[in-house]
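Observations on the three-dimensional arrangement
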Amino acid sequence: MPSAPISFSDLTEHPIVQAPMAGGPSCPELAGAVSEAGGMGFLAAGYKTPEAMYEEIKQLRGQTQRPFGVNLFMPQPDNADSGALARYRAQLAGEAAWFETELGETDHTTDDAYEAKLAILFDDPVPVVSFTFGCPTRHVLERFTKRGTYTVVTVTSVGEAQTAEFSGADAVCVQGIEAGGHQGTHRDDPQADGTGSGLGLLTLVTQVREAVRLPVVAAGGLMRGKQIAAVLAAGASAAQLGTAFLVCPESGADLLHKQAMTNSLFARTEFTRAFSGRPGRALVNRFLREHGPYAPAAYPHVHHLTASVRKAAARAKDPQGMALWAGQGHRLARDLPAAQLMDVLVTELAMARDRIAKQGGVGGGSGAGGGGSL
C-alpha cells in the first residue's frame, strides 16, 4: 500500500474539519474561513458541473493559501424502478401546483460527472479529496497519491472501512447515524430502511479503529468542543462538523434552513428518502411527513424530480416544503462567523482535554492540535 505523502498535522492546525455539504452550504467563503482559522475547509462538488467545481476551487484559492479539501460523489447504479418513479411523480403533482412550478425530469445520468471531475483534480491537484457513496478503485487512489493529494473515503460500517483500506485510501471518514444529510453508505439497501441497523458514532469509531489501521475522521452530530474531545479520546484523529457550520453567515445555505436549526417548530430529525431517493437525515417538516413513506429508492432521480419544488418553496419562504438537512445536534447550533466558531470550538476542546488529562483519563494532554496523525 502506498504510504501517505503527508500527515494531517501538516495540513491543519486543529483537528476540526468542516463537512462538505452539497447543495450550497459548502461554498468557497465558508471553506476559506475555516481553513484560515486553522481547520480544514471543504468544498462539495456533488451536483455541480466540473466547470463549476473548478471555478469554486479557483475562488477558494483566492481566499486562503492554507490546505482545503474537495468532496466527490461516487457514480451510482442506474437501477431505479420507472414505475415507482412515475407513482411518486403523480403524488408530488399537488406540490408542484401549490408552488406554481414543474416537477423535474429524472433522466439525468447517475455518475455526477465523476470522470470529468477526476480529470480536473488530477491535472490541478488539491491538498485533500474525499469520496462519498462508495470507494474509488486502487488505481484512482494511487494516482492521487502520486500527485500529493491526501484521500479520504466516507464509511458507515467496518466492512466499508476495510474496503477503503484495501483500495489504498489514506484515511476514512467514519459517519455515525447522528449525521445530517445523506448517509454515505457504499450500497443503498432499501431493506435496511427503518431497521435501525446503523451505528452511533462512538461505537462505530471504536469498531473501525479495531478493524483497520487507517486514521479516522469522526462525523455525526458533533456540535461542541467536548464532543470533539470525546471522539479523539475514542481514537479518531479529527472531527468533522456539518450542521455546526451550516448556520454560519459564510455558509451558502438558505436563511430559512439556517433558522430552522433552532426553531421550535422543528423539534426532531428523521431519515427520509422524500427529497432525493436516498436516506438522509433532515428536520421533520410537512413534506417529509407527507411524502417520506412513499418515496422510492431512486437516487439521484428523486433529487432531480423534487429540486424545482424545493427551490420554489425556498422562494416562497416556506420551510415546510424544503429539504432541511440536519444532524441530531441541530438544536445546539450557534449563529457565529466561521472563524469565531472555530475559536470557540478550539477553546472548548482544549478545556475538555485538560479535564481529561487532570482526571487521568484516556486521550489526555492539553491543547487542540493533537488527536494523532491523519
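In what follows, the structure referred to is the one given above.
Residues numbered from 1 in each chain as written. Predicted model: local features only at pLDDT ≥ 70, side-chain atom pairs only at ≥ 80, totals over all residues. Heavy atoms only, no water.

The next point concerns the packing of helix α6 (residues 114-123) against helix α7 (residues 138-146). Put simply, α6 and α7 touch, their axes get as near as 10 Å, and they point 25° apart. The angle between α6 and α7 falls in the class roughly parallel. Read as a crossing pair, α6 and α7 show a hand that is left-handed. Along the contact surface, α6 presents Y114, L118, L121 and F122, while α7 presents V140, R143 and F144. (Axes fitted to C-alpha atoms, helices over the stretch in contact; angles between N-to-C directions. Helix = DSSP H or I, 4+ residues; strand = E, 2+ residues; numbered from the N terminus. Parallel < 35°, antiparallel > 145°, perpendicular 65-115°, else oblique. Left-handed = near helix turned anticlockwise from the far one by under 90°. Contact = heavy atoms within 4.5 Å.)

Grouped together as the largest cluster of nonpolar side chains are 99 residues, with contacts concentrated most on V70, L72, L121, F131, V174, L241 and F245. The element that contributes the greatest number of residues to this core is helix α15 (residues 338-358), accounting for eight residues. Every residue in contact with V70, bar those within four places of it in the chain, is listed here: F42, L43, A45, M53, I57, L121, V126, V128, V129 and S130. In this structure, L11, V128, A171 and V217 belong to the second largest nonpolar core, which totals twelve residues. (Core = buried A, V, L, I, M, F, W, Y, C linked by side-chain atoms within 4.5 Å. Buried < 20%, exposed > 50% of the residue type's maximum accessible area, 1.4 Å probe, protein only.)

In this section: the sheet that holds strand β4 (residues 128-132). In spatial order, the strands read β1-β9-β8-β6-β5-β4-β3-β2; together these eight strands make up an open sheet with parallel pairing. Both outer strands of the open sheet, β1 (16-18) and β2 (41-44), are each paired with one neighbouring strand and no more. Direction aside, neighbouring strands of the sheet carry axes that sit 25° apart on average. As paired strands, β1 and strand β9 (residues 238-241) are joined by three bridges and run parallel to one another. Residue pairing across strands places Q18 opposite L241, the latter belonging to β9. Packing of helix α2 (residues 28-36) onto the sheet brings it into contact with β1, β2 and β3 (68-73), and relative to β2 it is tilted by some 160°. (Pairing = 2+ DSSP bridges.)

Ordered in space as β7-β11-β10, the three strands form an open sheet in which the pairing is antiparallel. The open sheet is flanked by β7 (181-182) and β10 (269-272), the only strands paired with a single partner. Of the pairings in the sheet, the one linking β10 to strand β11 (residues 280-283) comprises four bridges and is antiparallel in character. Opposite T269, over in β11, you have L283 as the bridge partner.

On β9, burial covers both faces: A238 and Q240 on one face and A239 and L241 on the other are all buried. For strand β8 (residues 216-219) and β9, the ladder comprises three bridges, and the chain directions are parallel. Residue A218 lies in a different strand from β9, and its bridge partner there is A239. In the classification by handedness, the crossover that spans β8, the intervening helix α10 (residues 225-233) and the parallel β9 is right-handed. (Right-handed = clockwise from strand over helix to strand, strands pointing away.)

Attention shifts here to the environment of T101. The residue T101 is located in the loop between α5 (93-98) and α6 in this model. Spatially, the C-alpha atoms of T101 and R310 are 10.0 Å apart, while their sequence positions differ by 209 residues. Among all residues touching T101, those that are not within four sequence positions of it are A96, S308, V309 and A312.

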